[in-house]
Each structure stands twice: as structure tokens, then as C-alpha cells.
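Close look at the chain arrangement
One-letter residues, chain by chain:
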Amino acid sequence: ELPENATTVVSSGCATFGQLEVCNQIFHRYTSAEDNVIVLSHEELDFGAGTRMSASAEKRVLHVTNRHFAKVTCTWTVNWADGQDLAPFAIFPASQDIGPGQTAEFRAVFRPRVDGVYYHATASAHVYLKSNRSFRLVNDAAFVPPFFVSVTLLGHTFPPDAEQFLPKANFIVHSYHAPGTSENSSKHSVEFPACHLGETVFSTAVLENAGDTPLKYDFTSDPGRRFEVFPRHGTVQPGAFQLFCFKSKPALVGEQRGR
């Protein structure tokens, strides 16, 4: 049997509460001290341009704060899809204890091995209570699942005067064709379903890399903070695609537009 919120439809009828909850988790920010027990100092670390010769100098500092009343252990893993090569990013130390109310410092490093390449990875951390390290120290009633946080890691190895290839990409969006709108809308316009004031709605789009070289994407923030997109930065390998989730929560009645 499904939970009640998985089948209950919001007042506008565009989705169920369960679907909206899943989408909202995508946009959860780990840097907010009000919404998280484990707080990160950065959501992303951009190393900019680097080279194989200067790999040892490319470092960034990441702070993790424990707002729990008990000691926790923070263990990092860099998610790197290419099994043929070592991950170009690393976080040291890989695991560290953090006392209650304390902040620990981690160092992220960029170690590229190929020039003329865009690099992008996600580092995820599972933070668990120190008392949960053994089944002998905790019972089922007192067990607390580990907390999850993540940070985006970016970098590239293009010199300032290097000539880069023009991307060959296709941007595919879903059109709702709401009443009163034209079916000939721009292929670069993301449309949202109609909703009531104060509700949150979502839409999706796909970026296909039809070229033979990796491409980098970078979305700018909406000045009016009416629209959000995830992920905002990253790379797409040749022949691959990236799915984007767009979020909108109108603060005014009427049609909303943004860039």
C-alpha cells in the first residue's frame, strides 16, 4: 500500500504530494543551517583551469559542521564514472570524526591527468553517529540512519589561449500546451503546468551532446529567484545526455517569465 502523500493530488491537480516531495529533495541545499543537521560551507568547488604540472597546487577547503548533539563520523566518496582512470578529484581526509557543535576542515584537490579536458564529479558523504559504528552499541529503537550531503567538483585543463571546439548539442524540452498558449513555442523555452499561487511546480529538459568532444554547461541564476534548475553546472560526454529538473514557485498571479 502506498503512503497517503504518494496518491493525494495537490489542489491544482498537476502532481501528487509524493511526486513533489521527491522533486523538492533534488533542490535541497546542504549549506542552510536552518534545514540541516550536517551543514556544508560550499555547494560546489570550482578549481578553474589546471594542468598536470600544477595538480599538487590545486586545492580548495571545505568545512563540515555537526549540529547534532552527538559525535559523528564523516566519510567522503568521489563518484567518478570512468572506471578506466583514477578520479581527478579527491577529498582529504577521507574520513574524520566531528564532535557535537564542531566544524571539521576537509581539503579537496584537483589532479588532472589529461590536458584539454573538462572535469566534473560529485563528492558524496555519509555522516553517521559514532555510536552506530557497531551493532553492540545501539539497538533498533535508538538507531539513526546516516545523513547524506554532497558537493559538486568542477575543473578543466584548457590553457587561457587554447582554441576550444564549438559544441554540437540538442536541447529538448517538454511542452504542456496549456490553454491560451501557442503550440509553436520556442524549443528553448521550458514550460510549467498551471498551478495555484504558492504551489511549486516542476518541469524537465534534456541536453544531448551530438558531437565527438565533451561539452560543458553552465546555467546562470534567475535574478528574480522565481526559477531554479538542477544541476546548474557540469559536463556531458560525447553521445551522452543530461536530464535537467526545473523548479518554479510563483509569488504573483499571472504568467511568469524568466531567463
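Everything here concerns the structure above.
Residues numbered from 1 in each chain as written. Predicted model: local features only at pLDDT ≥ 70, side-chain atom pairs only at ≥ 80, totals over all residues. Heavy atoms only, no water.

Helix and strand content of the chain: 2 helices and 15 strands. By the burial criterion, 33% of the 259 residues in the chain qualify as buried. Look at the contacts in the chain between residues 6 or more apart in sequence, and 66% of them connect residues 24 or more apart. If you sum the accessible surface of the chain, you get close to 16,000 Å²; carbon and sulfur atoms cover 53% of it. (Helix = DSSP H or I, 4+ residues; strand = E, 2+ residues; numbered from the N terminus. Buried < 20%, exposed > 50% of the residue type's maximum accessible area, 1.4 Å probe, protein only. Contact = heavy atoms within 4.5 Å. Areas by Shrake-Rupley, 256 points an atom, 1.4 Å probe, with all protein chains shown as cover.)

Let us look at the side chain of Thr235. Among the structural elements, Thr235 can be located in strand β14 (residues 233-236). Dropping the residues within four chain positions of it, Thr235 is found in contact with Tyr118, His120, Leu215, Lys216 and Tyr217.

Moving on to the sheet that holds strand β13 (residues 227-230). Strand order in the open sheet made by the 4 strands is β10-β11-β15-β13, with antiparallel pairing throughout. Edge positions in the sheet fall to β10 (169-173) and β13, since each has one partner strand and no second. In this sheet, adjacent strand axes meet at a mean angle of 25° when their direction is disregarded. Two strands pair when backbone bridges link them, and β10 and strand β11 (residues 201-209) are joined in this way by 5 bridges, in the antiparallel orientation. Its bridge partner lying in β11, Phe171 is registered against Leu207. (Pairing = 2+ DSSP bridges. Axes fitted to C-alpha atoms, helices over the stretch in contact; angles between N-to-C directions.)

Geometrically, the link from Phe92 to Pro93 is a cis peptide bond, its omega value of -15° lying close to zero. Of note, the amide linkage connecting Phe230 to Pro231 takes the cis form, showing an omega dihedral of -5°.

Attention now goes to the state of the cysteines. Under the counting rule described, the total for this entry stands at 0 disulfides. Cys23 forms no disulfide, and the closest cysteine sulfur to it belongs to Cys245, at a distance of 4.8 Å. (Disulfide = S-S within 2.5 Å.)

Here we come to the pattern of salt bridges. For the structure shown, the criterion picks out 4 salt bridges. The partner of Arg29 in a salt bridge is Glu43, and the shortest N-O contact between them spans 2.8 Å. Linking Arg29 in the loop between α2 (17-26) and β1 (38-40) with Glu43 in the loop between β1 and β2 (44-49), this pair joins segments that are 14 residues apart in sequence. Among the salt bridges present, the one from Asp97 reaches Lys130, with a minimum N-O distance of 2.9 Å. A residue pair is termed long-range when its members are at least 10 positions apart, and Asp97 in strand β6 (residues 95-98) and Lys130 in the loop between β8 (118-129) and β9 (147-156) qualify at 33 residues. Each of Arg29, Glu43 and Glu228 takes part in a single network of salt bridges with overlapping partners. (Salt bridge = Lys/Arg side-chain N within 4 Å of Asp/Glu carboxyl O.)

So, on to the sheet that holds β8. As summarised here, the arrangement of the 5 strands in space is β2-β9-β8-β4-β6, forming an open sheet in which the pairing is mixed. Looking along the sheet, the strands with just one partner apiece sit at the ends: β2 and β6. Averaged over all adjacent pairs, the angle separating strand axes in this sheet is 20°, with direction ignored. Pairing of strand β4 (residues 72-79) with β8 involves 8 bridges; the strand directions are antiparallel. Note on β8: the bridge partner recorded for Thr73 is Tyr128.

Here the focus is the packing of aromatic side chains. Counted under the stated rule, the structure contains 15 aromatic pairs. Geometrically, the ring pair formed by Phe89 and Phe110 is stacked, given 5.1 Å between the ring centres and 20° between the ring planes. Remark: Phe110 occurs in strand β7 (residues 103-110) and Phe89 occurs in strand β5 (residues 89-92); sequence separation between them is 21 residues. Phe110 matches Phe89 in its accessibility class, with the two residues each being buried. Here the aromatic residues Phe47, Trp80, Phe89, Phe110 and Tyr119 are joined through ring pairs into a cluster of three or more. (Phe/Tyr/Trp six-rings, centres within 6.5 Å; stacked < 30°, edge-to-face > 60°.)

Turning our eyes to something else, we now look at the environment of Thr75. Relative to the elements of secondary structure, Thr75 occurs in strand β4. A relative accessible area of 29% means that Thr75 is categorised as partly exposed. In sequence terms Thr75 and Phe148 are 73 residues apart; their C-alpha atoms lie 10.0 Å from each other.

To continue, consider the pairing of β14. Where burial is concerned, the two faces of β14 agree: the one with His233 and Thr235 and the one with Gly234 and Val236 are both buried. Two elements, strand β12 (residues 215-218) and β14, share 4 bridges in a ladder whose sense is antiparallel. Within the sheet, the bridge partner assigned to Lys216 lies in β14 and is Thr235.

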